[in-house]
Amino acid sequence: MTLVYQSTRDTNNKVTASQAILQGLATDGGLFTPISLPEVNLDFNQLKDASYQEVAKIVLSAFLDDFTEEELDYCITNAYDSKFDTPAIASLVDLTGQYNLELFHGSTIAFKDMALSILPYLMTTSAKKQGVDNKIVILTATSGDTGKAAMAGFADVPGTEIIVFYPKDGVSKIQELQMTTQTGANTHVIAIDGNFDDAQTNVKAMFNDEALRVKLLAQKTQFSSANSMNIGRLVPQVVYYVYAYAQLIKSGAIQNGDQVNFTVPTGNFGNILAAYYASQIGVPVGKLICASNENNVLTDFFNTGVYDKKREFKVTTSPSMDILVSSNLERLIFHLLGNDAEATKSLMEALVETGEYKLQAVRPEILELFDAGYATEEETAAEINRVYKADNYIEDPHTAVASAVYTAYKAKTGDQRPTVIASTASPYKFPRVAVEAVTGKDSGDDFKAVQELHDLSGVAIPKAVDGLETAEVRHKTVVAVAQMQDAVEKYLGV
Ligand SMILES: *Cc1c(COP(=O)(O)O)cnc(C)c1O
């Protein structure tokens, strides 16, 4: 049986996994989403002794069921290798009252590496399977971490080109330098005079522009996406939830079958959606706790059923979560509506036209799985400080948002189930914020903060920031939001 991926906005738009990965986004504006659950039997008595790669093989072969075993072996072996600075790939750290699942051991020190180290292999394999020999142009909007991780994956991959848009004043200094110093003849980085939502909206518009698609095809070129709108991003993220559960059994923290909670610092709703799929294929989940920063549109949505983006966009110290339109929520909405594409489409159109929609869920039991909260800037800094004092461990601001939301959730509900915090970035990516939260003093300079962070935490300075200060800046283009498409056409010569 082949798993069907269908557009969230058109019942007739159905594809296989490899077609969905290659296209990235459905051309009707929707997102390809599995309409049934894959058949997979997670035997945790065995999985507890499995390597990350072995767990990946089981999860990926379930969701990407038109890939052969050899194809998946090739993708997994090349993705999860010594690019990661621990053989565990994702490490589970036992802190006071919570487990932090460190997803930042890849080459760009954010959790985006978990999926973006494998996406180029999945995509080039998909192109081969489909007999497509067009040049694949990866068009990406980033709130700071996807751009770098995607370029690290796609740089100099034959047959691909990658164009990344980021909000000029919406990323950390280290994030910006990581992108603007990117090497590789096929990489392009463009800062925009706007925020992440502007970048994402215009990238989606280019995907849906029929005239542009025809022009590109005439020169044997097509777009694909490295954003979490691509299921090739989402499926590899399911792996570490299964792996984390198995590791909890292995360490004796839980018995096979015990429920655990996952708290996920959320922006575009990709990471937590992967946790939802993990729960649907057999990971015993208590609550999925959706943690937001002051851009708390999702907190309000889970508490009221109304998604209302008409609010001030805030630039925070957790920039990768500064998002008001969470793309992947559309997939959950689709499931909440009983996989009804017509109904999903009308809500998404209402969001564009009126800035809000109200959900009448036909499957409220899905909503029951979720809890939601947000942390203010002050609460986030206080949480970094609290965890440092309790465990001599320094969280990055995104992880701290989740950690703070969980601490409040536990106090509110008394829920004692073991809880995993998805730790999405290394503090070295946001050193000034982390150091100031611990010491109360601003280092005044990102690279001075890197050294101070090292002195405070004793954690080795990762390769990703070592040498960054003096690396050559290769990408300097800044464009207005309205000029994004011109910039793309110029690079591609159309
Ligand atoms: C992207 C990102 C997030 C948000 O993840 P989503 O899948 O977009 O919800 C959180 N933290 C960090 C560090 C990120 O890079």
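See above for the structure.
Source: prediction; values computed, not measured.

Draft legend 1. Structural detail: the packing of helix H19 (residues 431-439) against helix H20 (residues 446-457). Close contact between H19 and H20 brings their axes to 8 Å; oriented N to C, the two are set at 50 degrees. By the criterion of interaxial angle, the relationship of H19 to H20 is oblique. You can see that H19 and H20 cross each other, and the crossing is left-handed. Counting all contacts with H19, which are made through Pro431, Arg432, Ala434, Val435, Val438 and Thr439, the residues of H20 involved are Asp446, Ala449, Val450, Glu452, Leu453 and Leu456. Here the residues of the contact of H19 with H20 sort into eight nonpolar, one polar and three charged.

Draft legend 2. Structural detail: the packing of aromatic side chains. Summed over the entire model, instances satisfying the criterion amount to 19 aromatic pairs. A centroid spacing of 5.0 Å and a plane angle of 75 degrees characterise the contact between Tyr52 and Tyr243, whose relative ring orientation is edge-to-face. Of this pair, Tyr52 sits in helix H3 (residues 52-63) while Tyr243 sits in helix H11 (residues 231-250); the two residues are 191 residues apart in sequence, bridging distant segments of the chain. Its relative accessible area of 1% is what places Tyr52 among the buried residues. With relative accessibility at 7%, the residue Tyr243 sits in the buried group. Between the aromatic rings of Phe301 and Phe302, the centroid separation amounts to 5.2 Å while the plane-to-plane angle is 70 degrees, which identifies the pairing as edge-to-face. For Phe301, a relative accessible area of 2% puts it in the buried group. Judged by relative accessible area, which is 14%, Phe302 ranks as buried.

Draft legend 3. Spotlight on the sheet that holds strand S7 (residues 160-167). Spatially, the five strands line up as an open sheet ordered S9-S6-S7-S8-S16, and their pairing is parallel. Unpaired on one side and paired on the other, strand S9 (221-224) and strand S16 (477-480) mark the two borders of the sheet. Neighbouring strand axes in the sheet, compared pairwise and without regard to direction, differ in orientation by 30 degrees on average. In this structure, strand S8 (residues 187-193) lies alongside S16, joined through four bridges in parallel fashion. Among the inter-strand pairings, Ala191 is bridged to a residue of S16, identified as Val478. Across the sheet, helix H9 (residues 196-207) lies against strand S6 (135-141), S7, S8 and S9, angled at about 150 degrees from S6, the strand it touches most.

Draft legend 4. Representation of the sheet that holds strand S3 (residues 32-34) within the structure. Spatially, three strands are ordered S2-S1-S3 in an open sheet, and the strand pairing comes out antiparallel. With one partner strand each, in any of the chains shown, strand S2 (10-15) and S3 form the two edges of the open sheet. Put simply, the sheet's adjacent strands are angled 40 degrees from each other on average, direction ignored. Bridging between strand S1 (residues 5-7) and S3 involves three bridges; their strand directions are antiparallel. By the bridge assignment for S3, Ser7 is matched with Phe32.

Draft legend 5. Layout of empty space enclosed by the protein. Enumeration according to the criterion identifies four cavities of 30 Å³ or more in this entry. Reported here for the largest cavity is a volume of approximately 260 Å³. Contributing to the lining of the largest cavity are 26 residues, with Phe111, Lys112, Gly267, Asn268 and Ser320 lying nearest its centre. When contributions to the lining of the largest cavity are tallied by element, the ones reaching two or more residues are H11 and helix H12 (270-280). Ranked by residue count, the leading element in the lining of the largest cavity is H12, at three residues. Here the residues of the lining of the largest cavity are counted per class, giving nine nonpolar, 14 polar and three charged. Forming the walls of the second largest cavity are Ser143, Pro167, Gly170, Phe196, Phe313, Val315, Pro319 and Asp322. Class assignment of the residues belonging to the lining of the second largest cavity gives a composition of five nonpolar, two polar and one charged.

Cut-offs applied
Residues numbered from 1 in each chain as written. Predicted model: local features only at pLDDT ≥ 70, side-chain atom pairs only at ≥ 80, totals over all residues. Heavy atoms only, no water. Axes fitted to C-alpha atoms, helices over the stretch in contact; angles between N-to-C directions. Helix = DSSP H or I, 4+ residues; strand = E, 2+ residues; numbered from the N terminus. Parallel < 35°, antiparallel > 145°, perpendicular 65-115°, else oblique. Left-handed = near helix turned anticlockwise from the far one by under 90°. Contact = heavy atoms within 4.5 Å. Nonpolar A, V, L, I, M, F, W, Y, C, P; charged D, E, K, R; others polar. Phe/Tyr/Trp six-rings, centres within 6.5 Å; stacked < 30°, edge-to-face > 60°. Buried < 20%, exposed > 50% of the residue type's maximum accessible area, 1.4 Å probe, protein only. Pairing = 2+ DSSP bridges. 1 Å grid on protein atoms, 1.4 Å probe; cavity = no way out; pocket = protein on both sides within 12 Å on 5 of 7 lines; lining within 4 Å. Points joined across faces, edges and corners; volume = space filled by probe spheres on them.

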